[in-house]
Amino acid sequence: DIQMTQSPASLSASLEEIVTITCQASQDIGNWLAWYQQKPGKSPQLLIYDATSLADGVPSRFSGSRSGTQYSLKISRLQVEDIGSYYCQQAHSNPPTFGGGTKLELK
Amino acid sequence: QVQLQQSGAELTKPGSSVKISCKASGYTFTSYDISWIKQRPGQALEWIGAINPGSGGTGYNEKFKGKATLTVDKSSSTAFMQLSSLTPEDTAVYYCASPGYWFAYWGQGTLVTVSS
């Protein structure tokens, strides 16, 4: 199975701050990567797919990028509604696998 | 709009089985695979497997073969997952999700608690 190593595991940031979360794939997955946001007690929500494409209805302050097998999710100006957990997911090979998650909190 | 409505929470005993459901609406049921995903408390997400509602064809994560069985009822646009030989390690929230590579739509989750 492809391993997705996500960092950091937790992150504390201030409002309006730039936040970056990264995911390292254990092998080449091309652009077959998605990012999800999960708020406590809720289902995950798709933010980014194809590594860089914004899902419908997602604010433009979210963006995704790729450098080789390292992928990043950037929140350009952190808002209170962005607090929650974030997961990456590869869809290159079965089974789809997820990163371990990043818990984002307000400082 | 696309909706996936899951059945309610289950409290079960070790060694038993449970069957949870996911009713789809807002799209043609046979158009997209439905996946099932496990999330243990405070832990990450694990893909269990997926079913093609049109053909009934299934694909499973090796880790969940023998544990999960996926089926559908096309007449009611409902997908099912049966979990067998339950242990406390099966205590988790289980989600159905669609469509295929990217999970744009999720059910609200079903909490399965395995306890004696």
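Check the entry above for the structure.
Residues numbered from 1 in each chain as written. Chains lettered and ligands numbered in written order. Predicted model: local features only at pLDDT ≥ 70, side-chain atom pairs only at ≥ 80, totals over all residues. Heavy atoms only, no water.

1. Topic: the interface of chain B and chain A
Condition: By definition in these notes, contact holds between two residues if any of their heavy atoms fall within 4.5 Å. Accessible area, probed at 1.4 Å, shrinks when two parts are joined; the buried area is that loss added up over both. Take a side-chain nitrogen of Lys or Arg and a carboxyl oxygen of Asp or Glu: if they are within 4 Å of each other, that pair is a salt bridge. Any N or O atom pair separated by 3.5 Å or less is treated as a polar contact, with the protein-specific requirement of one donor-capable and one acceptor-capable atom, and with residues adjacent in sequence counted only for side-chain atom pairs.
If you look at the interface, chain B gives 17 residues, while chain A gives 22 residues. Carbon and sulfur atoms supply 69% of the area buried between chain B and chain A, which totals about 1500 Å² over both sides. On the chain B side of the interface with chain A, the three residues burying the most area are Leu 45, Trp 47 and Trp 102 of chain B, jointly 46% of the side's total. On the surface where chain B and chain A come into contact, there are zero salt bridges. Along the contact surface separating chain B from chain A lie seven residue pairs in polar contact (both at pLDDT 80 or more).

2. Structural notes on the environment of Tyr 87 of chain A
Heads up, the condition is: For helices the rule is a DSSP run of H or I covering at least 4 residues; for strands it is a run of E covering at least 2, with both sets numbered from the N terminus onward. A 1.4 Å probe rolled over the protein chains alone gives each residue an accessible area, and that area as a share of the maximum for its type sets the label: buried under 20%, exposed over 50%, partly exposed in between.
Within the fold, Tyr 87 of chain A resides in strand S9 (residues 84–90). Accessibility expressed as a relative area gives 6% for Tyr 87 of chain A, which makes it buried. Along the chain, Tyr 87 of chain A and Ile 75 of chain A lie 12 residues apart, while their C-alpha atoms are 14 Å from each other. If sequence neighbours within four positions are ignored, Tyr 87 of chain A has contacts with Gln 6, Ala 34, Trp 35, Tyr 36, Gln 38, Gly 99, Gly 100 and Gly 101 of chain A together with Gln 39, Gln 43, Ala 44 and Leu 45 of chain B. A distance of 3.3 Å separates the side chain of Tyr 87 of chain A from the side chain of Gln 39 of chain B, its partner in a polar contact.

3. What to know about the side chain of Ser 98 of chain B
All names here are of chain B. Residue position: Ser 98 is located in strand S9 (residues 92–98). For Ser 98, a relative accessible area of 2% corresponds to the buried category. Those residues within four positions of Ser 98 in sequence are excluded, and the remaining contacts are Leu 4, Tyr 27, Tyr 32, Asp 33, Ile 34, Phe 103, Ala 104 and Tyr 105.

4. A look at the pattern of salt bridges
Enumeration over the complete set of coordinates arrives at seven salt bridges over all chains. A salt bridge links Lys 65 of chain B to Glu 62 of chain B, with the nearest nitrogen and oxygen atoms 2.8 Å apart. The class of Lys 65 of chain B is partly exposed, set by a relative accessible area of 47%. Via salt bridges that share partners, Arg 61, Glu 81 and Asp 82 of chain A belong to a single interconnected network.

5. Structural notes on the state of the cysteines
All names here are of chain B. We count it as follows: Any pair of cysteine sulfurs within 2.5 Å is marked as a disulfide.
This model, assessed by the stated rule, comprises two disulfides over all chains. Covalent S-S linkage joins Cys 22 and Cys 96, the inter-sulfur distance amounting to 2.1 Å. Its S-S torsion of approximately 80° makes the covalent link between Cys 22 and Cys 96 right-handed. Here Cys 22, found in strand S3 (residues 18–25), pairs with Cys 96, found in strand S9; they are 74 residues apart in sequence, far enough to count as distant. Cys 96 matches Cys 22 in its accessibility class, with the two residues each being buried.

6. Overview of the environment of Ser 76 of chain A
Residues and elements named next belong to chain A. Tracing the chain through its elements places Ser 76 in the loop between strand S8 (70–75) and S9. Considering only alpha carbons, one finds Ser 76 and Lys 42, 34 residues apart in sequence, at a separation of 24 Å. Each residue touching Ser 76, except ones within four places of it in the same chain, is listed here: Glu 16, Glu 17, Ile 18 and Arg 61.

7. Description of the sheet that holds strand S3 (residues 19–25) of chain A
All names here are of chain A. Defined as follows: We call two strands paired when DSSP finds no fewer than two bridges between them. Angles shown run from 0 to 180 degrees and are taken between the N-to-C directions of axes, each axis being a line fitted to C-alpha atoms and, for helices, limited to the stretch in contact.
An order of S1-S3-S8-S7 is seen for the four strands of this open sheet, with the pairing classed as antiparallel. In this open sheet, the two edge strands, each paired with only one partner strand, are strand S1 (4–7) and strand S7 (62–67). Between one strand and the next, the sheet's axes are offset by a mean angle of 20°, whatever the strand orientation. As paired elements, S3 and S8 share six bridges and run antiparallel to each other. Counterpart to Thr 20 in the pairing with S8 is Lys 74.

All quantities given are derived from atomic positions and should not be read as evidence of function.
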